[in-house]
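Report on the structure
For reference, the chains in residue letters:
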Amino acid sequence: MNEYLSSICKEVIAGNQTEVKELVDKALKNGILPLTILKEGLTRGIESLGAKFKAGEVYLPEILISIRAMNMGLNLLKPYFKNSNDLQHEGTIVLGTIEGDIHDIGKNLVRLMLEGTGFRVVDLGVNVSASSFVSAVCEHKADIVGISALLTTTMINIPNVIQALKQNSLCGRVPVLVGGACITREFADDIGAEGYALDCTSAPEEAKRLLRGREKS
Amino acid sequence: MNISAKDRFLNIAHFKSHDLCLPSSFFLFWPETLILWMEAGAPEMIRNGKGRIKFFRLDHARFLWELHSGLEVAYYELKGQRYTYFITPIIPRYESRIIGEDEHSMIMTNEAGQKMMIHKVHAGNMPMYLDYPVRDKASWETIKKRLNPESAGRWPVAWDEYVKKFYNRDYPVGLSVGSFFGFLREWTGLERLLFWMYDEPSLVEDMMDHMVFFEGVIIKRVLKNIKIDFAFLWEDMAYKAGPMISPEMFRKFVMPRCLKITELLRREGVDIIFVDSDGNIDKLIPLWLECGVNGFWPLEVAAGMDAVAIRKKYGKEVILAGNIDKRQLTKGRDSIRNEVMAKVPFLLEQSGYFPCIDHLVPPDVPFENFIYFLNLVREICGLEKIDSYSPI
């Protein structure tokens, strides 16, 4: 790999925002394509960090400072992408905390990780109704619906979204990815959600798996 | 001869008894749960703490909440609804007021200086915090002034009379000894605190050092006159995949300060020191043990905590409370029996265990199921059952 790209990747993992900014600037001046810097430098760094998180080598503070460093580099790249399609997103995810629940710490971390790994995220916020999820899926031509719940008393509203997707013939075409403090793999399976993310760093990998599954079908 | 709740509590915590003790301090309920239960026919007496102790035959365990040394419950009442949340022990408190509302929610600033959104329909739900009072060093200095352990409002005016209440008691008394990570998060917000651990470590250390000073003054003054049976830290620094910060950061920021508090407590004879942290604390237990903390609650099953495995791993090093999966209590009797029988007989036999739900009892737990759980535990210990519909 190009020396600049491997250094960008390394500094993203270390969370060094100043170094990332300088390296991205140098890489651009040395003629490396913005998309290559994004994919091979910044995104690769965030993906490596996700693996380290799963292995228990890094924790939430390290994730946050790395995403901050990545954004520092991304800001330099943005002027080169005339419209959002030029960024060649992995896919579009409509994301929100389920109706009845107004907690968003976990959801926001998931959003940061998804954006950091190349997804376009439409964040609907908290207390999102089934109909709002469906409307957003149609409006933004979403590939995945991401639903978060903190409480056992609100997670029971998630099947309403799946039901609403079914009623609008979107079920199966737009897979549902669930997560949150109270959500388990068993619960996801029981309600017919196609995807489950244990934590924020698992979300991008699971989202990519869902997209691959969709391409095959 | 009847053994007092205090002696039973101490004997169990010291691994000297296989008795049952259900300390009321570990039996917490969402307000909505109690309302639903009463609507479904449960007696009105369960509305308040004393009534619950009597009806559910819990063991009275008294926290010295009025000294404002730990996390406190606060309420906001509007149009017959009571909205519940928790605040840090700031004195004087800020004025709480509504600054905006719509059909579903209202936004207010609370007594601890936080801006929060409350769900109108589900009054018992935890609020979502939108902004926090500590944004930099200057705003920390403002909050710090409200964390004076000597503030007049923090201590009962008739201290001598207050102290006398605790002479010759037959129930255990606990003191909240604060929080390091937890309180700081309440003042800064999680994201800012996590960033500051890298960007502003000296400010984080100053905040934690102040908490050592604050709690130290309170502990010394209380223990001069009142014999405390247990201490309680509140941290909530884990989620279901593990701790929010690395063991290295825990060692750097939390451990040296926590040790100062536990060493002070132990010098004064308090050797039962609990920590309250939700989430998966498997990686934190050995660190807390190193800090001198030896009690763990609530041991959330949904986060993968297993009290039986913890007991087998740590033996008598750890006192355990909780770990009965609240989700199983929403199901039928078979599920509750499976959950209880897989844990309670073994843990009681080993001693050092207080059976209770793994956090606040949520509103989707039917009253009958909660009674069934209590009766099952009582049956294991050879005690007579509670009549579910008539007060004792």
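Counting of residues starts from 1 at the beginning of each chain's written sequence and follows it residue by residue. Just so you know, chain letters begin at A and ligand numbers begin at 1, following the order they were written in. This being a predicted model, a pLDDT of at least 70 is required before a residue's local features are given, and a value of 80 or more before pairs of side-chain atoms are given or counted; all residues contribute to the totals for chains, interfaces and linings.

**As for the overall build of chain A**
- Here a strand is any run of E in DSSP of at least two residues, a helix any run of H or I of at least four, and the numbering for each starts at the N terminus. The helix and strand inventory of chain A stands at 10 helices and five strands.
- The reference for a compact globule is 2.2 Å times residues^0.38; the radius of gyration itself is calculated from the C-alpha atoms. For chain A, whose C-alpha radius of gyration is 18 Å, the value lies close to the compact-globule estimate of 17 Å for 217 residues.
- Seen along its three principal axes, the alpha-carbon backbone of chain A occupies a region of about 50 × 35 × 30 Å.
- Between the buried cut of 20 or more and the exposed cut of 12 or fewer other C-beta atoms within 10 Å of a residue's own C-beta lies the partly exposed class, and all C-beta atoms are placed from the backbone. By residue count, 54% of the 217 residues in chain A fall in the buried class.
- We call two residues in contact whenever the C-beta atoms placed from their backbones are within 7 Å. For chain A, the proportion of contacts with a sequence separation of at least 24, taken over those separated by at least 6, is 74%.

**A look at the overall build of chain B**
- Within chain B one finds 13 helices and 15 strands.
- In summary, chain B has a C-alpha radius of gyration of 21 Å against a globular reference of 21 Å for 392 residues, a match within 12%.
- Taken over the C-alpha atoms alone, chain B extends approximately 60 × 55 × 45 Å along its principal axes.
- Counting only residues that meet the buried cut, chain B has 46% of its 392 residues in that class.
- Considering only intrachain contacts with a sequence separation of at least 6, the fraction spanning at least 24 residues in chain B is 68%.

**Things to note about the pairing of strand 8 (residues 173-176) of chain B**
Residues and elements named next belong to chain B.
- Neither face of strand 8 is open: one carries Val173 and Leu175, the other Gly174 and Ser176, and all of them are buried.
- Strands are treated as partners if at least two bridges between them are detected by DSSP. The sheet contact formed by strand 8 and strand 9 (residues 230-234) spans three bridges and is parallel. Of the residues in strand 9, the one forming a bridge with Ser176 is Phe232.

**Considering the interface of chain A and chain B**
- Between chain A and chain B, the contact holds 22 residues from the first and 27 residues from the second.
- Residue assignment for the side of chain A that touches chain B shows that the elements contributing at least two residues are helix 4 (60-77) and helix 7 (152-155) of chain A.
- The element contributing the most residues to the side of chain A that touches chain B is helix 4 of chain A, with four residues.

**Observations regarding the domain arrangement of chain A**
Residues and elements named next belong to chain A.
- Segmentation into domains, and thus their bounds, comes from an automatic or database assignment. Here chain A is partitioned into domain 1 (3-86) and domain 2 (89-216).
- Each side of the interface is counted separately: domain 1 has 10 residues, and domain 2 has eight residues.
- Listed by contribution, the elements that provide at least two residues to the side of domain 1 that touches domain 2 are helix 3 (34-54) and helix 4.
- Of all the elements, helix 3 adds the most residues to the side of domain 1 that touches domain 2, at six residues.

**A closer look at the sheet that holds strand 7 (residues 128-131) of chain B**
All names here are of chain B.
- Taking strand neighbours across the sheet as the criterion, the four strands line up as 4-5-6-7 in an open arrangement whose pairing is antiparallel. The open sheet has two edge strands, strand 4 (97-101) and strand 7, and neither has a second partner. The mean angle between the axes of side-by-side strands here comes to 30°, regardless of whether they run parallel or antiparallel.
- When strand 5 (residues 105-109) meets strand 6 (residues 115-119), the two strands line up antiparallel, connected through five bridges. Across the sheet, Thr109 pairs through a bridge with Lys115, a residue of strand 6. As a rule, the C-alpha atoms of each element are fitted with a line to give its axis, helices using only the stretch in contact, and angles between N-to-C directions run from 0 to 180 degrees.

**What to know about the packing of helix 11 (residues 307-314) of chain B against helix 12 (residues 333-350) of chain B**
Residue and element names in this part refer to chain B.
- At a closest axis distance of 10 Å, the pairing of helix 11 and helix 12 adopts a crossing angle of 30°. The angle between the axes of helix 11 and helix 12 places the two elements in the roughly parallel class. Two packed elements cross with a definite hand, and for helix 11 against helix 12 that hand is left-handed. Where helix 11 approaches helix 12, its residues Ala307, Val308 and Arg311 are matched on the opposing element by Lys343, Phe346, Leu347 and Gln350.
- Amino acids are sorted into nonpolar (Ala, Val, Leu, Ile, Met, Phe, Trp, Tyr, Cys and Pro), charged (Asp, Glu, Lys and Arg) and polar (every other residue, Gly among them). Classifying every residue of the contact of helix 11 with helix 12 gives four nonpolar, one polar and two charged. Relative orientations are named as follows: roughly parallel for angles under 35 degrees, roughly antiparallel for angles over 145 degrees, roughly perpendicular for angles from 65 to 115 degrees, and oblique for any other angle. In a left-handed crossing the near helix is turned counterclockwise from the far helix by less than a right angle, and in a right-handed crossing that turn is clockwise.

**Focus: the sheet that holds strand 1 (residues 62-63) of chain B**
- Taken in spatial order, the seven strands make up an open sheet running 1-8-9-12-13-14-15 (chain B), and their pairing is parallel. Single-partner strands in this sheet number two, and they are strand 1 and strand 15 (353-354) of chain B.

**Notes on helix 13 (residues 367-380) of chain B**
All names here are of chain B.
- How far a helix is expected to stretch is found by multiplying one less than its residue total by 1.5 Å. Under the 1.5 Å per step criterion, the end-to-end length of helix 13 is 20 Å for 14 residues, consistent within 8% with the ideal 20 Å.
- Taken as a whole, helix 13 has its buried residues at Phe367, Phe370, Tyr372, Phe373 and Leu374.
- Structurally, helix 13 contributes buried residues whose contacts are with helix 2 (31-39) and helix 12.
- Just downstream of helix 13, Gly382 is the residue with a positive phi angle, here 75°.

**Observations concerning helix 4 of chain A**
- The end-to-end C-alpha distance of helix 4 of chain A, which contains 18 residues, comes to 26 Å, matching closely the 26 Å that a straight helix rising 1.5 Å per residue would cover.
- Among the 18 residues that make up helix 4 of chain A, 13 are buried, leaving the element largely enclosed by the rest of the structure.

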